[in-house]
Amino acid sequence: MKSIKQEVNDFLYRSMDSHVRIAVTGLSRAGKTAFITSLVNQLLHTSTHQQLPLLSAARDKRLIGAKREPQSNMMVPRFAYDDAMMQLQGAEPNWPEPTRDVSEIRLALKYKPTKRTKKLISSTATLHLDIIDYPGEWLLDLPLLDMEFEAWAESQFAALKGLRLELAKPWLDALQTIDLDAEVSEQQLQEISQLYTDYLKACKDQGLHWVQPGRFVLPGELEGAPVLQFFPCRITDEHKVVRGSNLAMLKARYHEYQTKVVKAFYKQHFSTFDRQIILVDCLQPLNAGYDSFMDMRAALEQLMHSFKYGRSNLLKRLFAPRIDKILFAATKADHVTPDQHANLVSLLQQMVHPAWQTASFENIEISCMSMASIQATQSGFIANNGKSTPAIQGTTLAGDAMTVYPGEVPNKLPSAAYWQKQGFEFTAFRPMSSHHDEPLPHIRVDKVLEYLIGDKLK
Ligand SMILES: Nc1nc2c(ncn2[C@@H]2O[C@H](COP(=O)(O)OP(=O)(O)OP(=O)(O)O)[C@@H](O)[C@H]2O)c(=O)[nH]1
Ligand SMILES: [Mg+2]
């Protein structure tokens with residue numbers, strides 16, 4: 001994977017506190033690509049601009065500059081920073097394309113240290129910063145490591161209620177046609193797997209976030225591979241598995257998925273992260289309604305399990321976890337007026353609260369913030385019946401200028417009745433045009449940076 005020299009270098013950097021791996025995740029469309037693009041862009045401008053006052057090293061003028069470096073892990077695709085910038089800074093600014101896999105980018109930050117030990121070595125120091133993008137859906141697979149095929153299948157059937165049950169119909173109908181004990185039919189397994197995958201994708205499209213197995217909706221490089229061709233079926237624990245049967249194959253593939261996909265992700269990627277930022281788009285479920293909201297909350301709770309390293313923990317058996325800080329960030333804050341930003345944070349806190357409280361997050365610091373990676377609107381005030389009301393102004397995706405007061409963000413988890421009384425309508429805006437020499441406009445990306453790497457730049 002990595003060359004020996006690179007491994008040694010990484011080890012040395014790390015032991016001198018000069019290497020940190022920041023993982024960025026979130027459910028799809030949460031804003032990961034926009035965030036990483038902005039973060040890289042902001043840091044690359046530190047030598048010429050003062051747009052990061054909340055990052056203490058920048059405010060104190062100790063951050064000398066940043067440059068890109070070849071990434072350390074050569075087996076992972078490069079984060080497509082240049083492509084994203086090209087989209088954002090085109091004649092008609094556009095958002096970067098959706099991404100489907102893990103990717104990585106590395107920066108070297110040169111700064112003047114304040115710590116005595118570092119100052120003794122040299123008047124300037126370098127922090128090597130790896131930033132890793134991966135789909136949050138992959139973390140939803142953690143429970144699979146502890147579940148036999150039968151138990152997993154049961155959990156999937158237990159979730160089939162309401163909208164899910166409706167969406168699952170074609171797959172459930174096809175399930176009736178398979179003889180589990182008959183000799184394996186690759187063709188039939190493939191067809192039913194496809195219907196199961198379609199069902200999971202349909203859940204996603206309807207704004208439901210808890211989907212398992214996560215790779216079925218975000219396969220990355222595994223697209224079309226047999227390891228993604230299985231599905232739950234109704235069997236009892238006593239059901240004898242006939243050798244060479246359909247059921248035997250389903251179980252074999254499930255097992256392969258557990259070890260070669262889920263376990264491999266935790267061992268090869270997750271175990272190398274030092275810090276984690278989890279991006280959450282709270283506005284999307286507010287738009288979509290109560291079910292979507294509760295579903296996102298359940299998905300976030302599931303996702304948090306990956307950071308619970310209790311004593312008898314599954315992850316601890318696999319590797320020695322070292323994440324010491326987690327940040328939950330409510331993204332796209334520029335969709336609402338600044339007076340609503342505090343509500344956005346308390347809403348996010350409420351969403352992650354149950355998991356946060358009950359979990360044994362040994363030695364992990366957790367915080368919640370709101371931000372906009374790339375500002376698409378400007379805030380101001382409009383006159384309304386002789387009163388001045390806060391408003392935001394931007395260009396819609398269709399290209400029309402628009403000034404709106406998008407409404408209030410509830411500061412607590414809303415009840416179902418909330419959506420009957422008043423809907424939410426958060427419009428999507430185009431990114432604002434920005435000049436090539438200027439950093440991308442942002443809200444509080446510097447605060448996020450201070451939390452994630454501020455101490456590493458001391
Ligand atoms: N207004 C505003 N919109 C944003 C911001 N960040 C992201 N968005 C919107 O959210 C969409 C998704 O952002 P991405 O950064 O592509 O999200 P992602 O998590 O990488 O999505 P996937 O790659 O599909 O998982 C963008 O196309 C924008 O419409 C932001 O800071 N402000
Ligand atoms: Mg992306």
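Keep in mind that what you see is a predicted model, and the values were worked out from it rather than measured.

Asks: Which parts of the structure should I look at to understand the sheet that holds strand 1 (residues 19–26)?
Replies: Adjacent strands of a sheet pair through backbone hydrogen bonds, lying either parallel or antiparallel. Read from one edge of the open sheet, seven strands run 2-3-4-1-5-6-7, paired in mixed fashion. One side of each edge strand has no neighbouring strand; the edge strands of this open sheet are strand 2 (63–69) and strand 7 (365–370). The sheet shows a mean angle of 20° between the axes of neighbouring strands, taken without regard to direction. Alignment of strand 1 against strand 5 (residues 275–280), held across five bridges, turns out to be parallel. Residue pairing in the sheet places valine 24 in a bridge with isoleucine 277 of strand 5.

Asks: Mind showing me how you'd approach the coordination of the magnesium ion (ligand 2) here?
Replies: Each pair of donors in an ideal four-coordinate tetrahedral metal site encloses 109.5 degrees, whereas pairs in an ideal six-coordinate octahedral site enclose 90 or 180 degrees. Note on the magnesium ion (ligand 2): its protein donors are Thr33 (OG1) and Thr99 (OG1). The metal-donor distances range over 2.0 to 2.1 Å. In this pair, threonine 33 is assigned in helix 2 (residues 32–44) and threonine 99 in the loop between helix 4 (81–88) and strand 3 (103–111), connecting sequence segments 66 residues apart. Overall, the relative accessible area of 36% leaves threonine 99 in the partly exposed class.

Asks: I tried to follow the packing of helix 2 against helix 17 (residues 445–453) on my own but got confused; where do I start?
Replies: Packed helices, taken two at a time, are described by the angle between their axes plus the distance between the axes. Two elements in contact, helix 2 and helix 17, have axes whose closest approach is 11 Å; the angle formed by their N-to-C orientations is 85°. Taken together, the axis directions place helix 2 and helix 17 in an arrangement best described as roughly perpendicular. Contacts between helix 2 and helix 17 involve Phe35, Ser38, Leu39, Gln42 and Leu43 from the first element and Val445, Val448 and Leu449 from the second. Per-class residue counts for the contact of helix 2 with helix 17 are six nonpolar, two polar and no charged.

Asks: For this particular structure, what's the right way to read the site of ligand 1?
Replies: The full set close to ligand 1 counts 18 residues, and Arg29, Lys32, Thr33, Ala34 and Thr99 are the nearest of them. In the model, an oxygen atom of ligand 1 is placed 2.7 Å from a nitrogen or oxygen of the alanine 34 main chain. Between ligand 1 and aspartate 334, the relevant distance is 2.9 Å, taken from a nitrogen atom to a side-chain nitrogen or oxygen of the residue. In isolation ligand 1 exposes 650 Å². Once the protein is present, 94% of that is buried.

Asks: Sorry, what's going on with the domain arrangement of the chain here?
Replies: You'll often see interface size given as the accessible area lost when the parts meet. When its domains are assigned, the chain resolves into domain 1 (4–134 + 269–374 + 434–457), domain 2 (144–266) and domain 3 (377–421). The distance between the C-alpha centroids of domain 1 and domain 3 comes to 28 Å. Across the boundary between the two partners, domain 1 contributes 21 residues, which contact 19 residues of domain 3. Of the roughly 1600 Å² buried at the junction of domain 1 and domain 3 (both faces included), carbon and sulfur atoms supply 68%. There are six residue pairs in polar contact (both at pLDDT 80 or more) connecting domain 1 and domain 3. Where the side of domain 1 that touches domain 3 is concerned, the elements lending two or more residues are helix 12 (283–288), helix 13 (290–304) and helix 15 (341–358). For the side of domain 1 that touches domain 3, the leading source of residues is helix 15, giving six residues. Looking at the side of domain 1 that touches domain 3, its residues break down into eleven nonpolar, seven polar and three charged.

About the criteria used
- Residues numbered from 1 in each chain as written.
- Chains lettered and ligands numbered in written order.
- Predicted model: local features only at pLDDT ≥ 70, side-chain atom pairs only at ≥ 80, totals over all residues.
- Heavy atoms only, no water.
- Pairing = 2+ DSSP bridges.
- Helix = DSSP H or I, 4+ residues; strand = E, 2+ residues; numbered from the N terminus.
- Axes fitted to C-alpha atoms, helices over the stretch in contact; angles between N-to-C directions.
- Donors = N, O, S within 2.8 Å, 3.2 Å for Na, K, Ca; no water.
- Buried < 20%, exposed > 50% of the residue type's maximum accessible area, 1.4 Å probe, protein only.
- Parallel < 35°, antiparallel > 145°, perpendicular 65-115°, else oblique.
- Contact = heavy atoms within 4.5 Å.
- Nonpolar A, V, L, I, M, F, W, Y, C, P; charged D, E, K, R; others polar.
- Near = heavy atom within 4 Å.
- Polar contact = N/O pair within 3.5 Å; in protein donor to acceptor, adjacent residues only side chain to side chain.
- Areas by Shrake-Rupley, 256 points an atom, 1.4 Å probe, with all protein chains shown as cover.
- Domains from an automatic or database assignment.
- Buried area = accessible area lost by both parts, 1.4 Å probe.

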